[in-house]
Amino acid sequence: MKAFVLTISFVAGCAYQSVQPGHLGLRYRAHGGLQRDTLPEGRYNLGWCLWRDCGRIVDFDVTFSTAHQELRTTSQEGLALDLMLSLSYKPITSELYELETEIGANYYDEVVE
């Protein structure tokens, strides 16, 4: 009987997902949707996943990120300007749920850029 239980445990297995340092996560449950509570760094057990979807953790990098943009424009006097911009940004950690549900994971293209 023990061998049978161990075999099923090994085949089915628990699903784990990690949240890395400098990141926060939001738990998505297949039968409950996206949870509002943020998960700090660590390893999380998503449950047994043999016959059902165990969900996932939506990962957010909450450290400062930098993006570089080239901008070509004309000044008020008609002079051509070629600019290199560097943007530093990071999400507001208390609003990660709203960021995920209203905009999505690629918020840079929608909000910052």
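The structure presented is a predicted model; accordingly, all values stated were derived computationally and were not measured.

1. Section: the overall build of the chain
Turning to step 1, where the next piece is worked out: Per the secondary structure count, the chain includes three helices and seven strands.
Turning to step 2, where the next piece is worked out: Seen in sequence order, the chain has helices and strands lined up from the N terminus as α-β-β-β-β-β-β-β-α-α.
Turning to step 3, where the next piece is worked out: Out of the 113 residues belonging to the chain, those deemed buried represent 26%.
Turning to step 4, where the next piece is worked out: Taking as baseline every contact in the chain between residues at least 6 positions apart, the subset at least 24 positions apart corresponds to 54%.

2. Points about the sheet that holds strand β2 (residues 23-29)
Neighbouring strands of a sheet are bound in pairs by backbone hydrogen bonds; such pairs are parallel or else antiparallel.
Turning to step 1, where the next piece is worked out: One open sheet accounts for three strands, arranged β3-β2-β5; its pairing is antiparallel. A strand with exactly one partner marks an edge of an open sheet, and here the two such strands are β3 (33-39) and β5 (56-61). Going across the sheet, the axis of each strand differs from the next one's by a mean of 25°, ignoring polarity.
Turning to step 2, where the next piece is worked out: Direction of pairing for β2 relative to β3: antiparallel, over a ladder of four bridges. Across the sheet, residue glycine 25 finds its bridge partner in β3, namely leucine 39.

3. A short note on the nonpolar core
Turning to step 1, where the next piece is worked out: In this structure, Leu26, Phe60 and Leu96 are the most contacted members of the largest nonpolar core, which totals 13 residues.
Turning to step 2, where the next piece is worked out: Looking at this core, the elements that each hand over two or more residues are β2, β5, α2 (96-102) and α3 (107-112).
Turning to step 3, where the next piece is worked out: Among the elements that line this core, the one with the most residues is α2, at three residues.
Turning to step 4, where the next piece is worked out: In terms of nonpolar packing, the next biggest core, distinct from the first, is built from five residues, Val19, Leu39, Leu46 and Cys54 among them.

4. Quick notes on the packing of aromatic side chains
Turning to step 1, where the next piece is worked out: If you walk through the whole model with that rule in mind, you get two aromatic pairs.
Turning to step 2, where the next piece is worked out: Between tyrosine 89 and tyrosine 107, the ring centres sit 6.3 Å apart and the planes meet at 80°, which makes this aromatic pair edge-to-face. Remark: tyrosine 107 occurs in helix α3 and tyrosine 89 occurs in strand β7 (residues 80-89); sequence separation between them is 18 residues. A single burial state applies to tyrosine 89 and to tyrosine 107, both of which are buried.
Turning to step 3, where the next piece is worked out: Ring centres of tyrosine 89 and tyrosine 108 lie 5.1 Å apart, and the angle between their planes is 35°; on these two criteria the pair is classed as tilted. With tyrosine 89 in strand β7 and tyrosine 108 in helix α3, this residue pair connects regions lying 19 residues apart in the sequence.
Turning to step 4, where the next piece is worked out: For tyrosine 108, a relative accessible area of 12% corresponds to the buried category.
Turning to step 5, where the next piece is worked out: Between the NZ or CZ atom of arginine 43 and the centre of the ring of tyrosine 16, over which it lies, the distance is 4.0 Å.
Turning to step 6, where the next piece is worked out: One Lys or Arg, lysine 90, reaches over the ring of phenylalanine 64 and ends 5.2 Å from the middle of that ring.

What counts and what doesn't
Residues numbered from 1 in each chain as written. Predicted model: local features only at pLDDT ≥ 70, side-chain atom pairs only at ≥ 80, totals over all residues. Heavy atoms only, no water. Helix = DSSP H or I, 4+ residues; strand = E, 2+ residues; numbered from the N terminus. Buried < 20%, exposed > 50% of the residue type's maximum accessible area, 1.4 Å probe, protein only. Contact = heavy atoms within 4.5 Å. Pairing = 2+ DSSP bridges. Axes fitted to C-alpha atoms, helices over the stretch in contact; angles between N-to-C directions. Core = buried A, V, L, I, M, F, W, Y, C linked by side-chain atoms within 4.5 Å. Phe/Tyr/Trp six-rings, centres within 6.5 Å; stacked < 30°, edge-to-face > 60°. Lys NZ or Arg CZ within 6 Å of the ring centre and 35° of its normal.

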